[in-house]
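# Structural characterization, general
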Amino acid sequence: MRRAGLGFAVAAAVFLLEQITKWIVLGPLDLRNVGLIELLPIFDLRYTENHGISLGLFQATSDAMRWVLVALTSAIAIGVAWWITREEKPGDQIALGMVFGGALGNILDRVRHGYVVDFADLHFGEFRPFFIFNVADAAISIGVAILLLRAFLVKEGRKENAEHA
């Protein structure tokens, strides 16, 4: 359980960063009313409401569906939190913390607003390699990518497991 502190600390940092960026975007920048702020030729702040889950799938078209999505994503977040308490490897702890913190940020948005506020728009002309996203989405995506890369590429512990088999 001692190692779980790393994962939960990362989750807290991601959640806090998510809340600070949302406060800036919705408060001082008033992006909801401004709509678009061009920062760089390839990066804008663009207000978007995501009523679905990842990639805009499973749109919550009713209040009941909104709460189904809250319940579903909360169940997944609880599973990730449980995994954090069981995980021994610091790299996986960090990745799981990113996923957990991001999930909590998006869950709070859905509870508070009924949708997730997205605002980061990376684009190359009209080409967008990603949907418009937020800090939580980025943390979840990076955390999952780290977990997958570590599962397939990192060899730590594989010899020990093979010897005990």
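The present account deals with the structure reproduced in this document. (Residues numbered from 1 in each chain as written. Predicted model: local features only at pLDDT ≥ 70, side-chain atom pairs only at ≥ 80, totals over all residues. Heavy atoms only, no water.)

In this section: the pairing of strand β2 (residues 43-50). As paired elements, strand β1 (residues 36-40) and β2 share four bridges and run antiparallel to each other. Paired with Leu36 across the strands is Arg46, a residue of β2. Linking two consecutive strands that pair antiparallel, namely β1 and β2, is a turn of two residues. (Pairing = 2+ DSSP bridges. Helix = DSSP H or I, 4+ residues; strand = E, 2+ residues; numbered from the N terminus.)

Our focus in this paragraph is the side chain of Asp121. Within the fold, Asp121 resides in strand β3 (residues 116-122). In this structure Asp121 comes out as buried when scored by relative accessible area, which is 0%. A distance of 2.8 Å separates polar atoms of two side chains, one belonging to Asp121 and the other to Arg46. With residues up to four places along the chain from it excluded, the contact list for Asp121 reads Ile42, Phe43, Asp44, Arg46, Arg128 and Ile132. (Buried < 20%, exposed > 50% of the residue type's maximum accessible area, 1.4 Å probe, protein only. Polar contact = N/O pair within 3.5 Å; in protein donor to acceptor, adjacent residues only side chain to side chain. Contact = heavy atoms within 4.5 Å.)

Let's shift gears to the side chain of Lys22. Secondary-structure assignment places Lys22 in helix α1 (residues 4-26). At a separation of 3.3 Å, a polar atom in the side chain of Lys22 contacts the main-chain carbonyl oxygen of Val117. Residues within four places of Lys22 in sequence aside, it is in contact with Gly27, Asp109, Val116, Val117, Phe119 and Asn134.

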